[in-house]
Amino acid sequence: MVHIPKPPAPAILLTDGIAKALEHSEQYDSSTPEQRRAKKFFPFEGKIYGSLTVREILSIVQHGKCAFCETPLLGCYGDVEHFRPKAAWQQQKGDTPHYPGYYWLVYDWDNLFLSCEYCNRSFKKNLFPLADPTKRALSHHDNIEDEEPLLIHPTFDNPENFLGFRGRMPYAINGNAKGEATILLFGLRKRPDKIRKFQNIHLQTITTLLEARDTYSDKPTPENLSRVQRINRLLQEYQSVGMYASMTQALIRDYNTNS
Ligand SMILES: [Zn+2]
């Protein structure tokens, strides 16, 4: 997971999105607690939060990768994932889902990321744990600033302060709670076989580049120095915008320390 700075919100979220969120809030205020607990009580508009503009901007700022595991979103735009779940929330796995969810943040730019199907559909789902569950915002009348989420927010947090890597396996730095919860809830250690193989091939590619760089550096002819420069540029790109950039940074750091 890498830090994802976001540009200002796309216009559709500031116009249609705000109008729709206001409708949901009015619907909440004019309903009974029983009505609000119905599963499909709020008519969420996927055409707004999942619009092409939203997807395209997220795809650009996320460099075409899942916001949480950095797997390339090949051939599709991925799922528009709500950081604070829209329909219902659970403090932990196995809890009964609590309805409604964060209905007033369904079109909120800070709450939207592109996610791969594994992170979103197989793992996170409605989970949104807080350090202190009594501080949870239960409606638009409450303040989400009072919450202390146990999940790393890719824009407001700097993920590298929380997550490290040994090979392709993430770990929580100094066992921090936010890192542990993020790894567990997004299943970051439990990728399917095809993704695991893909990650291993990627790490092998990086290692091969590092070894080639060292070999060329040992014989610093003009041709070899030019090759070293090209490899360094490539490694720089892998670490900034490439797939699995956080994993790649850790591998390169470890390699440079140990060589
Ligand atoms: Zn993912």
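Calculation criteria
The residue numbers shown here count from 1 along each chain, following its written sequence. Local features in a predicted model are, by the rule used here, given only for residues with pLDDT of at least 70; side-chain atom pairs are given and counted only at 80 or more, and totals for whole chains, interfaces and linings are based on all residues. To obtain the side-chain values, all non-hydrogen atoms of the structure were included, while hydrogens and water were left out. Only runs of H or I of at least four residues qualify as helices and only runs of E of at least two qualify as strands under DSSP, and these elements are numbered from the N terminus. Throughout, exposure labels follow a simple rule: accessible area from a 1.4 Å probe, protein chains only, divided by the maximum for the residue type, with under 20% read as buried, over 50% as exposed, and the rest as partly exposed. By definition in these notes, contact holds between two residues if any of their heavy atoms fall within 4.5 Å. The Shrake-Rupley method, run with a 1.4 Å probe, gives the accessible areas here. Residue values count only the displayed protein chains as cover. As used throughout, the charge tally considers Lys and Arg to be positive and Asp and Glu to be negative, leaving His and the chain termini uncounted. The atom standing in for a charge is NZ when the residue is Lys, CZ when it is Arg, CG when it is Asp and CD when it is Glu. Either an automatic procedure or a domain database provided the assignment from which the domain bounds are taken. A simple way to read buried area is as the amount of 1.4 Å-probe accessible surface that goes missing from two parts once joined, with both sides added. Only when DSSP finds a minimum of two bridges between them are two strands counted as paired. Any N, O or S atom lying within 2.8 Å of the metal counts as a donor, and for Na, K and Ca the limit rises to 3.2 Å; water is left out, so some sites can look incomplete. Geometry is assigned from donor-metal-donor angles: four donors are tetrahedral when every angle falls between 85 and 135 degrees, four are square planar and six octahedral when opposite donors sit over 155 degrees apart with all other angles between 65 and 115, and any other arrangement is irregular. Think of a nonpolar core as a cluster: buried Ala, Val, Leu, Ile, Met, Phe, Trp, Tyr and Cys residues, connected wherever their side-chain atoms sit within 4.5 Å. Here is the rule: rings of Phe, Tyr and Trp (six-membered ring for Trp) pair when centre to centre is within 6.5 Å. Planes less than 30 degrees apart are stacked, more than 60 are edge-to-face, and the remainder are tilted. Put simply, a charge is over a ring when the Lys NZ or the Arg CZ is close to the ring centre, within 6 Å, and near the line of the ring normal, within 35 degrees.

Of the regular secondary structure elements, the protein holds nine helices and four strands. In the protein, which comprises 259 residues, the proportion classed as buried is 48%. The contacts in the protein between residues at least 6 apart in sequence include a share of 70% that link residues at least 24 apart. Per element, the accessible surface of the protein, about 13400 Å² overall, is 53% carbon and sulfur. On the protein, the mean spot of the 32 positive side-chain charges and the mean spot of the 30 negative ones are 7 Å from each other.

It is worth spelling out the domain arrangement of the protein at this point. Examined at the domain level, the protein breaks down into domain 1 (11–185) and domain 2 (193–258). Every contact between the two is made by 11 residues of domain 1 and, on the other side, 17 residues of domain 2. Taking both sides of the interface into account, the surface hidden between domain 1 and domain 2 amounts to around 1200 Å²; carbon and sulfur atoms contribute 59%. The largest per-residue losses of area from domain 1 upon contact with domain 2 belong to Glu-70, Phe-165 and Arg-168, which jointly make up 49% of the total buried on that side.

Right, let's talk about the pairing of strand 3 (residues 163–166) for a bit. Direction of pairing for strand 3 relative to strand 4 (residues 169–172): antiparallel, over a ladder of four bridges. Bridge pairing in strand 4 places Phe-165 opposite Pro-170. Where strand 3 hands over to strand 4, the hairpin turn is made up of two residues, of which Gly-167 adopts a positive phi near 65°.

Four donors placed tetrahedrally about a metal ideally form angles of 109.5 degrees, and six donors placed octahedrally ideally form angles of 90 or 180 degrees. Cys-66 (SG), Cys-69 (SG), Cys-116 (SG) and Cys-119 (SG) make up the full set of protein donors to the zinc ion, lying at 2.3 Å. Here the zinc ion binds four donor atoms, and the angle range of 102 to 116° at the metal identifies the geometry as tetrahedral. All donors of the zinc ion come from a single chain, and their spacing in sequence reads C-x2-C-x46-C-x2-C. One end of the pair, Cys-66, is in the loop between helix 4 (52–61) and strand 1 (79–82); the other, Cys-116, is in the loop between strand 2 (112–115) and helix 5 (117–124), with 50 residues separating them in the sequence. Taking the relative accessible area as the measure of exposure, Cys-116 reaches 6% and is therefore buried.

This part is about the nonpolar core. Phe-68 and Cys-119 are the most contacted members of the largest nonpolar core, which totals 51 residues. Lining this core are residues from two domains, each supplying at least three of them: domain 1 (11–185) and domain 2 (193–258). Apart from the residues lying within four places of it in its own chain, the contact partners of Cys-119 are Cys-66, Phe-68, Cys-69, Lys-124, Phe-186, Leu-188 and Arg-191. Residues Leu-209, Leu-210, Ile-252 and Tyr-255 belong to the second largest nonpolar core, which totals seven residues.

Following Tyr-99, the chain continues into Pro-100 via a peptide bond in cis, with omega recorded as -10°. Of note, Pro-100 is situated in the loop between strand 1 and strand 2. Of note in the backbone geometry, His-63 takes a positive phi value of approximately 55° without being a glycine. Relative to the elements of secondary structure, His-63 occurs in the loop between helix 4 and strand 1. Since its relative accessible area comes to 43%, His-63 is described here as partly exposed. With a phi angle near 50°, Lys-125 is a residue other than glycine that sits in the positive phi range. When you line up the elements, Lys-125 lands in the loop between helix 5 and strand 3.

Overall, the coordinates contain 12 aromatic pairs when judged by the stated rule. Both rings, one in Phe-68 and one in Phe-186, keep their centres 4.2 Å apart while their planes meet at 15°; by these two values the pair is stacked. Remark: Phe-186 occurs in the loop between helix 6 (177–185) and helix 7 (193–218) and Phe-68 occurs in the loop between helix 4 and strand 1; sequence separation between them is 118 residues. Take Phe-68: its relative accessible area is 1%, and that puts it in the buried class. Between Tyr-103 and Trp-104 the ring centres are 5.0 Å apart and the planes differ by 70°, which places this aromatic pair in the edge-to-face class. Taken individually, Tyr-103 and Trp-104 each receive the classification buried, so the pair is uniform in this respect. Members of the aromatic cluster, connected to one another through ring pairs, are Tyr-28, Phe-41, Phe-42, Phe-44, Phe-83, Tyr-102, Tyr-103, Trp-104 and Phe-128. Sitting over the face of the ring of Tyr-28, Arg-36 holds its NZ or CZ atom 3.9 Å from the ring centroid. A cation over an aromatic ring shows up here: Arg-166 above the ring of Tyr-171, its NZ or CZ 3.9 Å from the ring centre.

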